[in-house]
Amino acid sequence: IMHAVKIENPSELADFAKLNPGANPENIIISPAPGKIYASDSNQKKIYSLSLSDKTSTSITKDNQLAGLKYPAYAKDDNIYYLNGNNIILLNPKTDEISPLTINLKNGPQNILGMASYNNKLYLIDKKDNQIYSYTKSGNGFPNGAAWLKTPALLSDAVSLSIDGSIYILKKNGQLLKYLKGKEEEFNLDAVEPGLAEVKKVMVSPELNYIYILEPAKQRLVVFDKTGKFILQYKSDKFSDLKDFTVDEKKKVIYFLNGSSVFEVQGEHFK
């Protein structure tokens, strides 16, 4: 019933505390082209880079301009974008160069609950307006966003969004909403044992065949297929401070951020 895969000894790839004793990264994202994982650390105003080929780590800073670093989004132009307070940080994985970009947030960063990229546009959830705004890059920034949702929604309890052509919005209680062309579609996830109750992140993409939902409170990552069918869940007692994850389906690997460390787990659901 539980379809649980117990991870007894996940392989640690890096501990950023060895690079910076005060390290407290909050999210990770993979850049497939150079084969790196990036972990942002708003408290230390740094981005850590982990090379997957030789497992070396480096630290990237930018004149104290790194203050928010939320919702990393990998874009079609091979750059990574972070919401950084009232602006956007662009990270070029080929050079590790960082550039600040402007963005016109209608209701300020405090009302943003998630960000994702699709076809070189940024999509942000604004809880005040219960709306998703899409932004197109122009010059050195992202001018006024366009309202994307065409049907009413209640998004005050949203925690994450992700895009594979459709936009998925994850609510804190585990409900997953699916929208296409601005309109909500009928969509339900299979029941899971134990039930989803305090989730943090959903991950989909055109390159991924599955839907992934992270629930740190239960130390697990839950996997569904794109129809909402429950496949399995990964659990580990080692994940005492589970913060984030990313997936490389081509290599059949899942990467977890726990505390200040990145762990690698071989995926069982690909078999």
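For the structure, check the block above.
Residues numbered from 1 in each chain as written. Predicted model: local features only at pLDDT ≥ 70, side-chain atom pairs only at ≥ 80, totals over all residues. Heavy atoms only, no water.

### Looking at the nonpolar core
If you look at the biggest cluster of nonpolar residues, it comprises 19 residues, and the most contacted ones within it are Y212, L221, Y234, F245, V247 and F256. Secondary-structure elements contributing two or more residues to this core are β21 (210-215), β22 (220-225), β23 (230-235), β24 (242-248), β25 (253-258) and β26 (261-266). (Core = buried A, V, L, I, M, F, W, Y, C linked by side-chain atoms within 4.5 Å. Buried < 20%, exposed > 50% of the residue type's maximum accessible area, 1.4 Å probe, protein only. Helix = DSSP H or I, 4+ residues; strand = E, 2+ residues; numbered from the N terminus.)

### Here we look at unusual backbone geometry
The omega torsion across E193 and P194 is -10 degrees, close enough to zero to call that bond cis. Here P194 lies in the loop between β19 (183-185) and β20 (201-203). Even without being a glycine, H3 presents a positive backbone phi close to 45 degrees. Judged by its relative accessible area of 49%, H3 falls in the partly exposed class.

### Digging into the packing of aromatic side chains
Under the defined criterion, the tally for this structure stands at ten aromatic pairs. Here the aromatic rings of Y210 and F270 are separated by 6.2 Å at their centres, their planes lie at 75 degrees, and the arrangement is edge-to-face. Residue Y210 is located in strand β21, and its partner F270 is located in the segment after β26; the two are separated by 60 residues in the primary sequence. Taking the relative accessible area as the measure of exposure, Y210 reaches 17% and is therefore buried. Taken together, the ring pairs in this structure connect Y210, Y212, F245 and F270 into an aromatic cluster. Over the ring of F245 we find K201; its NZ or CZ atom is 4.8 Å from the centre of that ring. (Phe/Tyr/Trp six-rings, centres within 6.5 Å; stacked < 30°, edge-to-face > 60°. Lys NZ or Arg CZ within 6 Å of the ring centre and 35° of its normal.)

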